[in-house]
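Tertiary structure, described
Residues per chain, in single letters:
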Amino acid sequence: MAIRKTTKGKNANYRPTKSGAGMTAKGVRAYRRANPGSKLKTAVTGKVKAGSKAAKRRKSYCARSLGQLKRSTAKPRTHPNSRIRPARTKWKC
């Protein structure tokens, strides 16, 4: 079963771009129910200790998303409200 990609109402699995893009905690729970054994987690948004697991996840995500941003077309690279930019801001990249 696939999760629905909505940003409003009771099926709000994704944050709107104005509030940082990415998946909500509810969306992550829905994904994990639909895909048993999944290790999907929400964004690392708080202050983290250097070298901790959370810091390593953030560093990995930031490196991966920078690669996505560089390989994307001109619009996401330059438009401030493309989904990748607010998500990177939410992760503090």
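For the structure, check the block above.
Residues numbered from 1 in each chain as written. Predicted model: local features only at pLDDT ≥ 70, side-chain atom pairs only at ≥ 80, totals over all residues. Heavy atoms only, no water.

Structural notes on helix α2 (residues 53-71)
Selection rule: By definition, any uninterrupted DSSP run of H or I lasting at least four residues is a helix, any uninterrupted run of E lasting at least two residues is a strand, and each is numbered from the N terminus. Multiply 1.5 Å by the residue count of a helix minus one, and that product is the helix's expected span. Between two residues, a contact is recorded if the distance between any of their heavy atoms is within 4.5 Å.
The terminal C-alpha atoms of α2, which comprises 19 residues, lie 27 Å apart, in line with the 27 Å expected from a rise of 1.5 Å per residue. Those residues of α2 hidden inside the fold are in contact with α3 (74-78) and α4 (84-90).

Side note on the environment of Asn13
Note the threshold: Between buried and exposed lies partly exposed: a residue is buried under 20% and exposed over 50% of the maximum accessible area for its type, with that area taken using a 1.4 Å probe on protein chains only.
Tracing the backbone shows Asn13 in the segment before α1 (25-34). For Asn13, a relative accessible area of 5% corresponds to the buried category. Along the sequence, Asn13 and Gly27 sit 14 residues apart, while their C-alpha atoms lie 3.7 Å from each other.

Side note on the packing of aromatic side chains
Spelled out, the test is: In this scheme Phe, Tyr and Trp rings, the latter by its six-membered ring, pair at centre separations within 6.5 Å, and the angle between planes marks the pair as stacked below 30 degrees, edge-to-face above 60, and tilted otherwise.
Summed over the entire model, instances satisfying the criterion amount to 1 aromatic pair. Taking 4.2 Å as the distance between ring centres and 20° as the angle between the ring planes, the aromatic pair formed by Tyr61 and Trp91 counts as stacked. With Tyr61 in helix α2 and Trp91 in the segment after α4, this pair connects stretches of sequence that are 30 residues apart. For the pair formed by Tyr61 and Trp91, the shared burial category is buried.

In short, the description is geometric, and any link to function would need to be established separately.
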